[in-house]
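Per-entry structural report
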Amino acid sequence: MPNHSPLFTENSSKNQFVDEFPNGISLYIKREDLLHSEVSGNKFRKLKYNIAEALDQKMETLLTFGGAFSNHISATAAAGKLAGLKTIGIIRGEELAGNLKSTLNQNPTLQFANSCGMRFKFISRSDYRNKGDQGFLDKLKEEFGAFYYIPEGGTNHLAVKGCQEILNKNDTEFNFIAVSAGTGGTISGLINASCQGQEILGFPALKGDFLAAEIKKFSFQDNWKLILNYHFGGYAKVDSELINFINNFKDKYQIQLDPVYTGKLVFGIFELIKKGYFPSGSKILAIHTGGVQGIPGMNRFLKKKKLPLIDF
């Protein structure tokens, strides 16, 4: 792996014991959120080999897509700066383009990405649906010049390669590996790296059944299952029950969860344990994929909705 960028100096990822439940069921969390201060969790894994490839191709610019509070946008901006690459973020929501200064003041994610040097192009939601079309990408090349393209959420074959490194030889003792799922790259890497007898459980953060087809594109084992009941209404949707769970979990275990991915993941695991889903003696490893950078932005939304705030 290249050594010419501070990005590639990662901290070790450790399994932290959480609790033991009735019937001898134990839960651990792999602290991928501690991999790197600015490019944490699965974003580090997904960007690792993509940035190495961009540098090998002598590219000077990364271009990617995301929403206004996207962990991927934040991480790509930081990783590009660390690797000496320019970054461009194509952001969903043309209404944000009117007053960039005001948008940045109200959005900690975009403010951070901007501080890392990322340029933005805000597009309509209808245009955003074309984000993977070659014709649309060609138009962006006409506008911005040559760039290395990273898909929304960072998922491609190089991202899956990086995510396969989440599991190591010390993780063979676990019966279940559980992870939140967005675009399918992280869970695909876990599936490919898993051992015989392990079951990979994915907890989608989005509604719909499209994710299984995406996972099948990148994975080559069938020891996985999607748990579809804990998205809380859809992507970035939250309620008081979830917020209170995240705050109580942090207070009891000193682990910060995010409301979009890991909060829903761990909430779901606790509920499944209560319902007797896991056999007696099961050892469960939940993957903390990072994402806590989005909490200040979420709290601004929660304050407007007069909902409890997330302790952070």
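What comes next is a walk through the structure. Keep in mind it's a predicted model, so treat the numbers as computed, not measured.

On to the overall build of the protein. Counting its secondary structure elements, the protein contains 12 helices and 10 strands. Relative to the globule expectation of 20 Å for 312 residues, the C-alpha radius of gyration of the protein, 19 Å, shows essentially globular dimensions. Its C-alpha atoms put the protein at 60 × 45 × 35 Å along the principal axes. Relative to its full complement of 312 residues, the protein shows a buried share of 55%. Counting only carbon and sulfur atoms, one obtains 48% of the accessible surface of the protein, whose full area is about 14200 Å². Between the mean site of the 37 positive side-chain charges and the mean site of the 30 negative ones, the protein shows a separation of 4 Å.

Time to look at the sheet that holds strand 6 (residues 148-150). Ordered by their spatial adjacency, four strands build an open sheet running 5-4-3-6, and the pairing between neighbours is parallel. Edge positions in the open sheet fall to strand 5 (119-123) and strand 6, since each of these has one partner strand only. Here the average twist between neighbouring strands, direction ignored, is 20 degrees. Where strand 3 (residues 61-66) lies against strand 4 (residues 86-92), six bridges are found, and the strand directions are parallel. Considered in strand 4, the bridge of Leu62 is made with Thr87. Helix 2 (residues 71-83) contacts strand 3, strand 4 and strand 6 of the sheet and is inclined by roughly 170 degrees relative to strand 3.

Okay, the nonpolar core next. With 38 residues, the main nonpolar core has Phe203, Phe249 and Ile269 as its most contacted residues. Elements represented by at least two residues in this core include exactly strand 1 (15-21), strand 2 (25-30), strand 7 (176-181), strand 8 (199-204), helix 10 (240-253), helix 11 (262-274), strand 10 (283-287) and helix 12 (295-304). Among the elements that take part in this core, helix 11 stands out by supplying seven residues, more than any other. Not counting residues up to four positions away in its chain, the partners in contact with Phe249 are Val18, Ile29, Gln254, Ile255, Leu257, Val266 and Phe270.

Its 14 residues give helix 10 an end-to-end C-alpha distance of 20 Å, which sits within 8% of 20 Å, the value for a rise of 1.5 Å per residue. Among all positions of helix 10, only Leu242, Ile243, Phe245, Ile246, Asn247, Phe249 and Tyr253 are buried. Two to three positions downstream of the cap, the backbone nitrogen of Glu241 sits 3.2 Å from a side-chain oxygen, assigning the N-cap of helix 10 to Asp239. Just downstream of helix 10, Gln254 is the residue with a positive phi angle, here 60 degrees.

Okay, the sheet that holds strand 9 (residues 224-226) next. An order of 1-2-10-7-8-9 is seen for the six strands of this open sheet, with the pairing classed as mixed. The two strands at the open ends of the sheet, each matched to only one other strand, are strand 1 and strand 9. Across this sheet, the average inter-strand angle for adjacent strands is 25 degrees, counted without regard to direction. Its contacts with the sheet put helix 8 (residues 185-193) on strand 7, strand 8, strand 9 and strand 10, and the angle it makes with strand 8 is roughly 175 degrees.

Turning our attention to the packing of aromatic side chains. To describe a pair of aromatic rings, one takes the distance between the centres and the angle between the planes. All chains considered together, the criterion is met by 18 aromatic pairs. Centre to centre, the rings of Phe203 and Tyr230 are 6.3 Å apart; their planes meet at 35 degrees, and the pair counts as tilted. With Phe203 in strand 8 and Tyr230 in the loop between strand 9 and helix 10, the pair connects residues that are 27 residues apart, well separated along the chain. For Phe203, a relative accessible area of 3% puts it in the buried group. A relative accessible area of 7% means that Tyr230 is categorised as buried. Ring plane angle 80 degrees and centroid distance 6.0 Å describe the contact between Phe249 and Phe270, whose orientation is recorded as edge-to-face. Of this pair, Phe249 sits in helix 10 while Phe270 is found in helix 11, placing the two residues 21 residues apart along the sequence.

Cut-offs applied
Residues numbered from 1 in each chain as written. Predicted model: local features only at pLDDT ≥ 70, side-chain atom pairs only at ≥ 80, totals over all residues. Heavy atoms only, no water. Helix = DSSP H or I, 4+ residues; strand = E, 2+ residues; numbered from the N terminus. Rg over C-alpha atoms; globule rule 2.2 N^0.38 Å. Buried < 20%, exposed > 50% of the residue type's maximum accessible area, 1.4 Å probe, protein only. Areas by Shrake-Rupley, 256 points an atom, 1.4 Å probe, with all protein chains shown as cover. Lys, Arg positive; Asp, Glu negative; His and termini not counted. Charge placed at Lys NZ, Arg CZ, Asp CG, Glu CD. Pairing = 2+ DSSP bridges. Axes fitted to C-alpha atoms, helices over the stretch in contact; angles between N-to-C directions. Contact = heavy atoms within 4.5 Å. Core = buried A, V, L, I, M, F, W, Y, C linked by side-chain atoms within 4.5 Å. Expected span 1.5 Å × (residues − 1). Polar contact = N/O pair within 3.5 Å; in protein donor to acceptor, adjacent residues only side chain to side chain. Phe/Tyr/Trp six-rings, centres within 6.5 Å; stacked < 30°, edge-to-face > 60°.

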